[in-house]
Amino acid sequence: MASGSCGPTDNTEDAVGLPIPESAHANPEEEQLIAKARQIAEEVLLPNAERSDQAEGPNRENFRALAEAGLLGIALPKEYGGSNVSGETQRAITEILASACGVTTFVQAQHHGPSRMIANGPNPALKERLVPELAAGRMLCGVSFAHLRRPGPPVLRAEPVPGGYRLYGTAPWVTGWGLMNQVVFGATLPDERFVYVWVPAHREEFPELFEGLTPPDGDWGRYQASPPLRLCAMNASATVTLTLEGLFVPEAHRLQFSDRETLRCNDRKGVLGGTALPMGCAAGAVRLLCSLAEKRPIPAIRQSAEHFTQELARTRRAIAEWNARNNEPDFFEKAVRLRAHAIRLAVRAAHAAVAASSGAANLLSNPAQRLFREAMFYTVQAQTQEVMAATLQLLEEETLEDLLPPPKTSA
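Please read all numbers here as calculations on a predicted model, not as lab measurements.

Caption draft 1: Broad picture of the overall build of the protein. Summing up its helical and strand segments, the protein has twelve helices and eight strands in all. Taken against the 2.2 N^0.38 rule, which gives 22 Å for 411 residues, the C-alpha radius of gyration of the protein at 23 Å falls within 12% of a compact globule. Taking the principal axes of its C-alpha atoms as reference, the protein extends roughly 85 × 55 × 45 Å. For the protein, the residues scored as buried account for 52% of the 411 residues in total. Nonlocal contacts in the protein, meaning residues at least 24 apart in sequence, comprise 72% of its contacts between residues at least 6 apart. Summing over all exposed atoms, the protein offers an accessible surface of approximately 19,200 Å²; the carbon and sulfur share of this is 53%. Computed over 40 positive and 47 negative side-chain charges, the inter-centroid distance for the protein is 3 Å.

Caption draft 2: Quick peek at the packing of helix α9 (residues 299-323) against helix α10 (residues 331-357). Their axes nearest at 10 Å, the elements α9 and α10 cross at an angle of 160 degrees. Comparing the axis directions of α9 and α10 gives the class roughly antiparallel. Here α9 runs over α10; the crossing is left-handed. Residues I301, S304, H307, F308, E311, L312, T315, A318, I319 and W322 of α9 pack against F331, K334, L338, H341, L345, R348, A349, A352 and A356 of α10. Grouping the amino acids of the contact of α9 with α10 by side-chain chemistry returns twelve nonpolar, four polar and three charged.

Definitions and limits used
- Residues numbered from 1 in each chain as written.
- Predicted model: local features only at pLDDT ≥ 70, side-chain atom pairs only at ≥ 80, totals over all residues.
- Heavy atoms only, no water.
- Helix = DSSP H or I, 4+ residues; strand = E, 2+ residues; numbered from the N terminus.
- Rg over C-alpha atoms; globule rule 2.2 N^0.38 Å.
- Buried < 20%, exposed > 50% of the residue type's maximum accessible area, 1.4 Å probe, protein only.
- Contact = heavy atoms within 4.5 Å.
- Areas by Shrake-Rupley, 256 points an atom, 1.4 Å probe, with all protein chains shown as cover.
- Lys, Arg positive; Asp, Glu negative; His and termini not counted.
- Charge placed at Lys NZ, Arg CZ, Asp CG, Glu CD.
- Axes fitted to C-alpha atoms, helices over the stretch in contact; angles between N-to-C directions.
- Parallel < 35°, antiparallel > 145°, perpendicular 65-115°, else oblique.
- Left-handed = near helix turned anticlockwise from the far one by under 90°.
- Nonpolar A, V, L, I, M, F, W, Y, C, P; charged D, E, K, R; others polar.

Rendered as structure tokens:
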């Protein structure tokens with residue numbers, strides 16, 4: 001075990017006593033944010049994790065704590081009140097939070113990308129009005145563009161009209177509905193390019209951003225939210241499907257254009273970013289194994305805790321090293337396999353926590369089953385076909401050959 005135990009000893013170690021990657025300590029401000037993340041994780045998120053997991057929607061107390069600690073503006077420019085930390089620090093913070101409460105971490109993770117798209121967008125008025133609020137966590141922004149990766153006809157279309165666009169179809173997965181008061185949608189244009197647009201849940205909350213921006217025929221269109229989807233993991237994420245019926249979006253609220261090849265390239269470049277959530281889940285499972293090893297004097301549990309502590313450390317080092325070598329020719333080949341390994345590590349470590357918890361793991365109040373369900377979710381979250389293929393290939397490597405009985409010999 002690191003430092004001879006599973007518990008943290010100072011601000012350079014995580015919840016299971018493992019060193020945080022050195023690349024996450026770029027400057028004292030980032031170190032302070034990492035320390036705040038650890039404090040929120042241990043004092044707020046973890047003690048309420050099972051309650052948050054079984055709630056009707058996102059735990060707002062958790063989000064108030066994250067906002068007060070400055071953790072909802074980590075990806076945003078300092079000029080708007082954000083902290084603009086490095087990608088390494090963002091991943092370290094995500095991993096720390098995910099080790100404590102998966103549903104809270106998943107929901108808050110939805111906020112960072114679209115907020116950054118607004119901050120990088122072409123409309124100064126949109127930035128000045130929204131980004132300081134998003135950085136402070138006084139507002140939260142959702143996102144819906146995973147459907148753009150789907151093959152076949154688009155499920156959400158954007159039709160250019162005078163003054164903007166009309167959106168038709170469905171946004172299948174919109175997380176944090178009710179907590180988020182705005183969404184960035186990705187939709188497919190008639191020429192098959194993608195357009196990303198900002199849409200508030202209630203435009204009357206932002207009258208200054210709609211002044212003089214009306215549809216040519218006066219019809220704003222409409223949207224309809226489904227009831228929250230019933231999910232076996234992250235059920236408290238308030239994830240809905242939005243149906244859009246000619247919803248008008250002014251051109252001023254367009255954030256950017258893109259296309260399928262750009263999306264694919266960005267997915268490949270950022271493939272290791274998707275390791276933070278499953279690695280956090282694995283760290284949470286290791287922490288639980290360590291706790292069980294202290295409570296239950298069973299050698300197999302202690303051995304499992306030690307094994308997964310070491311494997312977590314090795315995997316974390318590998319991720320940090322490949323993140324620093326992302327220009328090498330074989331980066332993606334190695335990185336996508338490492339992403340699959342992080343997924344399988346989360347599943348295996350959480351499964352080990354279930355086994356070590358025995359029958360108690362079947363209770364919804366037990367953290368082992370929550371972690372196991374979260375690991376299942378991370379198996380498919382932000383999944384591309386390449387990540388799926390790497391995950392399936394890794395799972396297929398298991399073999400029964402060593403367990404098969406020898407062939408019978410004739411008398």
